[in-house]
Protein chains: 2
Amino acid sequence: MSFPYSPLAVVGTVAVDAVETPHGKRDKVFGGSASYFSYVASLFTKVALVAVVGEDFPQAYRKILQERPIDLSHLQTLKGKTFSWSGKYVDDMNSAQTLSTDLNTLLLFNPELKFKKQPEYLFLANIDPDLQLKVLHQMDRKKLKFVAADTMNFWISSKRDQLLKVLSKVDAIVLNDGETKMLTGEKNLLAAAKQIIKMGPRWVIVKKGEHGSMLLGKNELFTLPAYPVEKVFDPTGAGDTFAGGFMGYLAWTKKTDFATIKQALAMGTVTASVTVQDFGLDAVRKINRSHLTKKFKHLQSICKF
Amino acid sequence: MSFPYSPLAVVGTVAVDAVETPHGKRDKVFGGSASYFSYVASLFTKVALVAVVGEDFPQAYRKILQERPIDLSHLQTLKGKTFSWSGKYVDDMNSAQTLSTDLNTLLLFNPELKFKKQPEYLFLANIDPDLQLKVLHQMDRKKLKFVAADTMNFWISSKRDQLLKVLSKVDAIVLNDGETKMLTGEKNLLAAAKQIIKMGPRWVIVKKGEHGSMLLGKNELFTLPAYPVEKVFDPTGAGDTFAGGFMGYLAWTKKTDFATIKQALAMGTVTASVTVQDFGLDAVRKINRSHLTKKFKHLQSICKF
């Protein structure tokens, strides 16, 4: 396969994880924000994956990415081991307890973009804000139609200034409810999201796990319940596939207006609802775009009044 | 005012409360499930209030009820003091810590219905399931178009059998998320709601506070976000006014089909969102039906995609 042009690019992590949930325990799960993101976003469009792995990165996992229209020419392999995260979900399936984080080759990651034609849609997955900025600086901002970024509590406390720079440069920031409150010190989600809009992004997307999501713009508001799921098996990757469905849909439709962004949020929601029904990528490997479209319509029907 | 016929009746409590929230502390707040319910439901239709108070019940509070088309002919006054609840919201504005409950005349409450023409819509607010059954038994079930019931953790643990009898006799049961899980022992809300449907009610309504609500029928599902509120001042009465808006809307439209029930849930949602913006009934006293209709349309617009 050759990938002369990918409309969507993602920079983030590719990892080998260990996950424990009330439903079981699994070692060497294929994980990482950019893996989850690109695997589902590629159901909608070609995706360029910008990330790093170590020499130990399993060939089997590379093959999983190659199943889909994912351009791996920006997936660097460096000497050392692949980034690894280990976490546990106890009572609260909405947030994991991190048991260990081995950054390994991620510490050496220095993204260098060599696109023949620059992608128009960019997702800065959860990664050091300095790296997010480094990627942004290598892009011609005028050719970017829509840039969204994710982050986490660790960067909010340890790299706040750099994160605020990211916020001032993106179209949308994706945060969970805890991060939204942490970033602003405001307990009420709507009030917190309004504060974040003042930090620069055109849109704030607040993910509330099983409670759905909220989209706030300068003059726009949208609230969306989660897609109801009877059994949450493993929530890992839910946020990344939410973003993947969201950005994939935007790049697919080639639009960025409010109506399309709302639909994209719904597509992200149903994508995440599939992810949580098995370990790692196992559940999303079984679906195609028409599955997601069907669930999208179902979500539309159960929200309508 | 004379009330020859009320299409809607509520049995529940009328109380004098003490409430403490992060925004302040207030004694002698006019409270009780039936007070909150009837005050907002009467924006839509005439409401018969079936409850008990003590001789100390302030004339000022009776006058508040008399501001609206509320039939007080079933509001008994007994020797002794009025039921009183005292509670505190600390970090979690979704659930109160009960500081004290003085049942007083509520212990002597023995509802006797003497309607010239029986209401068609009935709400069994949070009260001893034995009393809920006593009221139901005095009604001609064939003349009732829609009966809904509320309950609380205390009755789920102390009067489970009687509560299950109530469940088998009503069209809808209204529970919060904690009660839904407690009643079934099931942690997943959708799975829990499905179990409750098997206990008899045609509809289960799960209230999730700031996270919205869910409606489950035998073959129907509806999910609704909360109406976003920037400042939650006092959540007391939110559930009762949610039910009041819901039942009031049903009685007003004279319908009970799925489409109307979904709209009624949205009306309950916006009614509750007003309630929480001040202590007790203070916020809802300032609104009329057209305020609610406007908020209803706004909720519709921020949920649509």
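Residues numbered from 1 in each chain as written. Chains lettered and ligands numbered in written order. Predicted model: local features only at pLDDT ≥ 70, side-chain atom pairs only at ≥ 80, totals over all residues. Heavy atoms only, no water.

Caption draft 1: Region of the structure containing the interface of chain B and chain A. Between chain B and chain A, the residue contacts involve 29 residues of the former and 29 residues of the latter. Summing the contributions of chain B and of chain A, the shared interface buries around 2,600 Å²; its carbon and sulfur component is 57%. Applying the counting rule to chain B against chain A returns two salt bridges. For glutamate 230 of chain B, the salt bridge identified is with lysine 194 of chain A, shortest N-O distance 2.5 Å. Tallied by class, residues from the side of chain B that touches chain A come to 14 nonpolar, six polar and nine charged. (Contact = heavy atoms within 4.5 Å. Buried area = accessible area lost by both parts, 1.4 Å probe. Salt bridge = Lys/Arg side-chain N within 4 Å of Asp/Glu carboxyl O. Nonpolar A, V, L, I, M, F, W, Y, C, P; charged D, E, K, R; others polar.)

Caption draft 2: Representation of the side chain of threonine 269 of chain A. Relative to the helices and strands, threonine 269 of chain A resides in helix H9 (residues 258-275). Looking at threonine 269 of chain A, the relative accessible area reads 8%, which means it is buried. (Helix = DSSP H or I, 4+ residues; strand = E, 2+ residues; numbered from the N terminus. Buried < 20%, exposed > 50% of the residue type's maximum accessible area, 1.4 Å probe, protein only.)

Caption draft 3: Inspection of the packing of helix H3 (residues 129-137) of chain A against helix H5 (residues 160-169) of chain A at higher detail. Residue and element names in this part refer to chain A. Interhelical geometry of H3 versus H5 gives an angle of 35° and a closest axis separation of 8 Å. By crossing handedness, the relation of H3 to H5 is classed as left-handed. Across the interface between the two elements, Pro129, Asp130, Gln132, Leu133, Leu136 and His137 of H3 pack against Gln162, Leu163, Lys165, Val166 and Lys169 of H5. For the contact of H3 with H5, a count of residues per class yields five nonpolar, three polar and three charged. (Axes fitted to C-alpha atoms, helices over the stretch in contact; angles between N-to-C directions. Left-handed = near helix turned anticlockwise from the far one by under 90°.)

Caption draft 4: Looking closely at the relation of the copies chain B and chain A. Mapping chain B onto chain A leaves a residual RMSD of 0.0 Å; the transformation is a rotation of 180° accompanied by 0.0 Å of translation along its axis. The transformation just described matches what one would write down for a two-fold rotation axis. Here 100% of the contact residues of chain B are again contact residues in chain A; the copies associate through an equivalent surface. (Least-squares fit on C-alpha atoms with pLDDT ≥ 70 in both.)

Caption draft 5: Summary view of the sheet that holds strand S2 (residues 15-21) of chain B. Residue and element names in this part refer to chain B. Judged by pairing direction, the sheet is mixed, and its four strands sit side by side in the order S3-S2-S7-S8 without closing on themselves. Strand pairing shows two members of the sheet lacking a second neighbour, strand S3 (24-31) and strand S8 (97-102), which therefore form its edges. For this sheet, the mean inter-axis angle between neighbouring strands, taken without regard to orientation, is 15°. Bridge count between strand S7 (residues 84-88) and S8: five bridges; the pairing is antiparallel. Note that in S8 the partner of tryptophan 85 across the bridge is threonine 101. Packing against the sheet, helix H2 (residues 59-66) makes contact with S2 and S3, and its axis sits at approximately 70° to S3. (Pairing = 2+ DSSP bridges.)

Caption draft 6: Here's a closer look at the sheet that holds strand S3 (residues 24-31) of chain A. Residue and element names in this part refer to chain A. An order of S3-S2-S7-S8 is seen for the four strands of this open sheet, with the pairing classed as mixed. The outermost strands of the open sheet, each flanked by one partner alone, are S3 and strand S8 (97-102). In this sheet, neighbouring strand axes are inclined to one another by 15° on average, regardless of whether the strands run parallel or antiparallel. Both strand S2 (residues 15-21) and strand S7 (residues 84-88) contribute to a ladder of three bridges, which runs parallel. Its bridge partner lying in S7, alanine 18 is registered against serine 86. Of the strands in this sheet, S2 and S3 are in contact with helix H2 (residues 59-66), which crosses S3 at around 70°.

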